[in-house]
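# Examining the three-dimensional arrangement
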Amino acid sequence: MTAYMEKLNSNAAYEDAGRNWEGAMTFMVQKDAAFDRDGYIYLDLYHGKCRDAKFSLVETDLPTPEFKYSGPYTNWRKLINKEIDPIQGLLTGKFKLQGSMMKVMRFTKAAKEMVNTTALVQTEF
Amino acid sequence: MFGEDSVSYLSTLDIKKAAIITDRNLLRTEIPGLVKKALPEGADSMVLGDISEEPPLSEMTAHLSRINDFAPDWFLAVGGGSAMDTAKILFALHERPDLSVYDITPLVKLGLGKKSRLVAIPTTSGTGSECTWAAMLTVEDEKRKHELASPEIMPRYAILDPAFVVSLPPEQTRNTASDAIAHSVEAYGSSWHNAFSDAMAEKALELILGGITGVMGDPKNLELRNQVHVGASMAGLAFSNSQIGLVHALGHALGAQFKTPHGKAVALFLPHVVAYNYDACPERYDRLNRIVPEQLREASFSESLENILEAIGQARNGIEAGIAEAEYEANLDNLVELASESTGMVTNPKDAGSPELRSLFMRAFSEERP
């Protein structure tokens, strides 16, 4: 999480795209055939920076976010490998969003940069 | 439904009470009468004709009580993008009085269509709104255009009757054709392009470019009007399946800030964005360039687009588009901000940040060709 937060905070394109964003987000990785537990990643995002990042297997251990973006583990893997676009994923039912879609749609570029940043972090599946 | 007298299809529908949503300009023409005449025998109708161009939400919702009192079972959107988008929103709010317009997103199940249905009869060629699940909403005090979208507000039928566009004045003809061309190009270049959108976009461009200069010279030519009209709808289907890009991101921002007619706004940016995008999708743009009629085609697609837009008499810089330079420069930060919030930023084939947006805004305003 620390590595991702550092990479995101060094991503100038994210800082530009997310400069007006306020609102914490939790990414929920739902268990499926390839992964046997739910996992939660909390990001406190504020004006182009990530102020805090936490991971937990228990959702209630984390602060309540304004947004929750959830999907099965397999789809998360495809997202990180850029086989799925985060917004297309929402429109095709591969991911679900809790929170204002209208607000999210104004920051689709920031969402894209968040995904781009995952590729900069060494990830083992 | 398309082609000559396709409006007579209305007589086959089970219409008991039709709310005809049209705009102020069309109210003075024979068009509302043509629609009423095509209704099934015994059908009642009301005409809501007080819709301005790109109306704000407050104006749209002011009409709701009349609609609700009439209780239509069919909404007939008769007009350009503004009338069609207004009809989509009124349809949604009539079906669901509890709804906020901001709930009109693809992620929310709205449950529409229980009381009424929606038909669109475009009178421009065109925004393609008759074939899309999008509606543009202007929020006046925000000077912003919101992109509302839901599959549930897509019209059940689109009726493309050339009689409804044959009297479209030259300025609206060129503006709406410019928009349709931009739809085809952006759909084709989109990072979400797919076989369906590609097929529609290529054919749309072929039909529009093959007919539009002829239409400008001979506006009463029904065959050419029909060709461009169908092409514009196909362009709407194309971008409905692959989204728009930077051209519309910039165009929506300009329209929200300066009330520039939408087609005129996108026409300013189209060649410059294509030039900017070129190295991200050269084969795609080269393929589209081969569709351009020979007499207008240059080596580069962006240059060809300039020729096309000039040939139809479209404004080629900000001054020609009626924007004062000082005001434009003073609002550049706002324009960049608005454009950066568009979904077109993500589906554009090439990334762009604030510096690139600013540069595109400046280049489009100036005399420079791309």
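Please read these numbers as outputs of a predicted model, since none were measured by experiment.

Summing up its helical and strand segments, chain A has six helices and five strands in all. Secondary structure of chain A in N-to-C order comes out as α-α-β-β-β-β-α-α-β-α-α. Here the C-alpha radius of gyration of chain A, 13 Å, is about what a compact globule of 125 residues would show, namely 14 Å. For chain A, the spread of C-alpha atoms along the three principal axes comes to 40 × 30 × 25 Å. Within the span of chain A, comprising 125 residues, buried residues form 30% of the whole.

On the chain B side, the residues contacting the 15 residues of chain A number 13 residues. In terms of residue count, the dominant contributor to the side of chain A that touches chain B is helix H4 (residues 86-91) of chain A (four residues). Partitioning the side of chain A that touches chain B into residue classes produces nine nonpolar, two polar and four charged.

Residue and element names in this part refer to chain B. Taken domain by domain, chain B holds domain 1 (6-164) and domain 2 (170-365). Centre-to-centre, using C-alpha coordinates, domain 1 lies 25 Å away from domain 2. Opposite the 21 residues of domain 1 that make contact, domain 2 presents 26 residues. Partitioning the side of domain 1 that touches domain 2 into residue classes produces five nonpolar, ten polar and six charged.

This paragraph deals with helix H10 (residues 262-277) of chain B. Residues and elements named next belong to chain B. The first and last C-alpha atoms of H10 sit 21 Å apart over 16 residues, in line with the 22 Å expected at 1.5 Å per residue. Most pronounced at Leu 270, the bend in H10 amounts to some 35°, and the proline Pro 271 follows within four residues. Most of H10 is tucked away: 16 of the 16 residues are buried.

Residue and element names in this part refer to chain B. Formed by 141 residues in total, the largest nonpolar core has its most connected members in Ile 21, Leu 76, Ala 77 and Ile 208. Looking at this core element by element, the count peaks at ten residues for H10. Counting the residues that make up this core, at least three belong to each of domain 1 (6-164) and domain 2 (170-365). Non-local contacts of Leu 76, meaning those with residues more than four positions away in its chain, are made with Ala 18, Ala 19, Ile 20, Ile 21, Val 35, Val 119 and Ile 121.

Scoring rules and cut-offs
- Residues numbered from 1 in each chain as written.
- Chains lettered and ligands numbered in written order.
- Predicted model: local features only at pLDDT ≥ 70, side-chain atom pairs only at ≥ 80, totals over all residues.
- Helix = DSSP H or I, 4+ residues; strand = E, 2+ residues; numbered from the N terminus.
- Rg over C-alpha atoms; globule rule 2.2 N^0.38 Å.
- Buried ≥ 20, exposed ≤ 12 C-beta atoms within 10 Å, placed from the backbone.
- Contact = placed C-beta atoms within 7 Å.
- Nonpolar A, V, L, I, M, F, W, Y, C, P; charged D, E, K, R; others polar.
- Domains from an automatic or database assignment.
- Expected span 1.5 Å × (residues − 1).
- Bend = angle between axes of the 7 residues up to and from the residue.
- Core = buried A, V, L, I, M, F, W, Y, C linked by C-beta atoms within 7 Å.

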